[in-house]
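As a plain string of letters, each chain reads:
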Amino acid sequence: MSLWVVVPALDEAENLAVLVPRILEQVIALEPEGRVLVVDDGSTDDTAGVMAALMAVHPQVRLETMRRNVGKAAALKHGFARALDEGAETIVMMDADGQDDPTELPRLLERLQAGADLVTGARLQRNDRFIKRNTSKVYNKVTATMSGTPGKDFNSGFKMMTAEVAADISPMLYGEMHRYLTVIAHGMGHATAEVPVQHHARMAGRSKYGIARFWRGFADLVTVRFLLSYENRPSHLFGGVGIVTFLLGLAMLVYLTIDKLALGNDIGNRPLLLAGVLFVLVGLQLTLFGLLAELVVHARNTNGDRQSTRSGHQHAPSANGA
């Protein structure tokens, strides 16, 4: 087992000076050759100096520096890529605020070794403000309902996963998709689990997130749900909605036609006429949009198959065995 702990950090120098040695102590106890990788997400404080001092004392500590603030998801993606490139088999993600307890790592590893592919450290008793605690409860319930993923704490930044999971979910790490790693992994067929962990108050500094993250998070949840369900069959969504809309509009127009021809009623000023025409046009547009999306998916898959075939031919052995 090659264990790497990836810690994205933005202006957390004061916390890193204390937290990194604590994490490293637990990592070495589990895996003598383990590593702790801090991803500096464009910090403006003394993070670089603190990390330089830590790396001078602890050769197993690593630093990945972003030129600017790219966000937590992108920082994690860079961290996962470096860990995988250097042979990591088990990857942990932890926040740099000190709220995650490194002593919980053995419990997460035990659950991972018991058969899970991704284990979340569930903060069932949180040391956060009242508003943050309760908005998180709503967020978790909505996420579980919309995604069908089992769990009680999807937003926890304390997760342990296999290298296969990290490689699979990395392409989805952009924007603020880091909140939905459990949902993404579950949607890809990986076994996910939760282990209740201790949750501490922030060590120092202040949170980098405000209440607006929950609204953005809901939009990201819709995106994740769409990508996992309809990425390779977009016409099932757009075409389905389009056909239903078209048929509703057509039914309205047929009714108005009968009303006009059979009963002689004036339909020119009736709102139902405008609604019927609108539904028919929107339905046609959605259906055509679904077909265009299918063409894009088909072209992408066809190009991917051709590239794989060419690559296979280039590496195929010759007939004489040379």
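This write-up is about the structure you can find in this document. Bear in mind the structure is a predicted one, so any value in this text is a computation, not a measurement.

Some details on the pairing of strand S6 (residues 159-162)
Looking along a regular strand, one sees the side chains alternate between the two faces of the sheet.
1) Next: Neither face of S6 is exposed, since Lys159 and Met161 on one face and Met160 and Thr162 on the opposite face are all buried.
2) Next: Here 3 bridges tie strand S5 (residues 118-122) to S6, and the two strands are oriented antiparallel to one another. When the bridges of S6 are listed, Thr120 appears paired with Lys159.

Considerations on the sheet that holds strand S3 (residues 61-65)
1) Next: Pairing within the open sheet is mixed, and its 7 strands lie in the order S3-S2-S1-S4-S6-S5-S7. In the strand order of this sheet, the two ends are held by S3 and strand S7 (192-196), each with one partner. The sheet shows a mean angle of 20° between the axes of neighbouring strands, taken without regard to direction.
2) Next: Packing against the sheet, helix H2 (residues 47-57) makes contact with strand S2 (35-40) and S3, and its axis sits at approximately 155° to S3.

Here's the deal with the pattern of salt bridges
1) Next: This structure, assessed with the given rule, holds 7 salt bridges.
2) Next: Here Arg82 and Glu86 are joined by a salt bridge, their closest N and O atoms 3.2 Å apart.
3) Next: A salt bridge links Arg270 to Asp259, with the shortest nitrogen-to-oxygen separation between them at 2.4 Å. Taken together, the residues span a long stretch of sequence, with Arg270 in the loop between helix H9 (234-263) and helix H10 (271-315) and Asp259 in helix H9 at a distance of 11 residues.
4) Next: Overall, the relative accessible area of 28% leaves Arg270 in the partly exposed class.

Some details on the packing of aromatic side chains
1) Next: What the rule picks out here adds up to 1 aromatic pair.
2) Next: Taken together, a centroid distance of 4.8 Å and an interplanar angle of 80° make the contact between Phe238 and Phe289 edge-to-face. With Phe238 in helix H9 and Phe289 in helix H10, the pair connects residues that are 51 residues apart, well separated along the chain.

Looking at the side chain of His199
1) Next: Looking at where His199 falls in the secondary structure, it is placed in the loop between S7 and helix H8 (212-230).
2) Next: A residue is classified by how much of its surface remains accessible, and His199, at 5% relative accessible area, is buried.
3) Next: At 3.4 Å, the side chain of His199 and the side chain of Gln99 are in polar contact.

Observations concerning the environment of Asp168
1) Next: For Asp168, the location among the structural elements is in helix H6 (residues 163-169).
2) Next: Spatially, the C-alpha atom of Asp168 lies 9.7 Å from that of His190, the residues being 22 residues apart in sequence.
3) Next: Filtering out sequence-adjacent residues up to four positions away, Asp168 remains in contact with Met188 and His190.
4) Next: At 2.8 Å, the side chain of Asp168 and the side chain of His190 are in polar contact.

Concerning the nonpolar core
1) Next: Ranked by size, the top nonpolar core spans 32 residues in total, and within it Val7, Leu16, Ile23, Val38 and Val92 carry the most contacts.
2) Next: Here this core takes 7 residues from helix H1 (residues 13-30), the largest share from any one element.
3) Next: If sequence neighbours within four positions are ignored, Leu16 has contacts with Val7, Ala9, Pro21, Val38, Thr47, Val50, Met51, Leu54 and Ala96.
4) Next: Membership of the second largest hydrophobic core comes to 30 residues, among which are Val6, Met66, Leu76 and Ala185.

Some thoughts on unusual backbone geometry
1) Next: For Asp11, which is not glycine, the phi dihedral falls at a positive 55°.
2) Next: For Asp11, the location among the structural elements is in the loop between strand S1 (3-9) and H1.
3) Next: Judged by its relative accessible area of 29%, Asp11 falls in the partly exposed class.

Here is what the cut-offs are and how they apply
Residues numbered from 1 in each chain as written. Predicted model: local features only at pLDDT ≥ 70, side-chain atom pairs only at ≥ 80, totals over all residues. Heavy atoms only, no water. Buried < 20%, exposed > 50% of the residue type's maximum accessible area, 1.4 Å probe, protein only. Helix = DSSP H or I, 4+ residues; strand = E, 2+ residues; numbered from the N terminus. Pairing = 2+ DSSP bridges. Axes fitted to C-alpha atoms, helices over the stretch in contact; angles between N-to-C directions. Contact = heavy atoms within 4.5 Å. Salt bridge = Lys/Arg side-chain N within 4 Å of Asp/Glu carboxyl O. Phe/Tyr/Trp six-rings, centres within 6.5 Å; stacked < 30°, edge-to-face > 60°. Polar contact = N/O pair within 3.5 Å; in protein donor to acceptor, adjacent residues only side chain to side chain. Core = buried A, V, L, I, M, F, W, Y, C linked by side-chain atoms within 4.5 Å.

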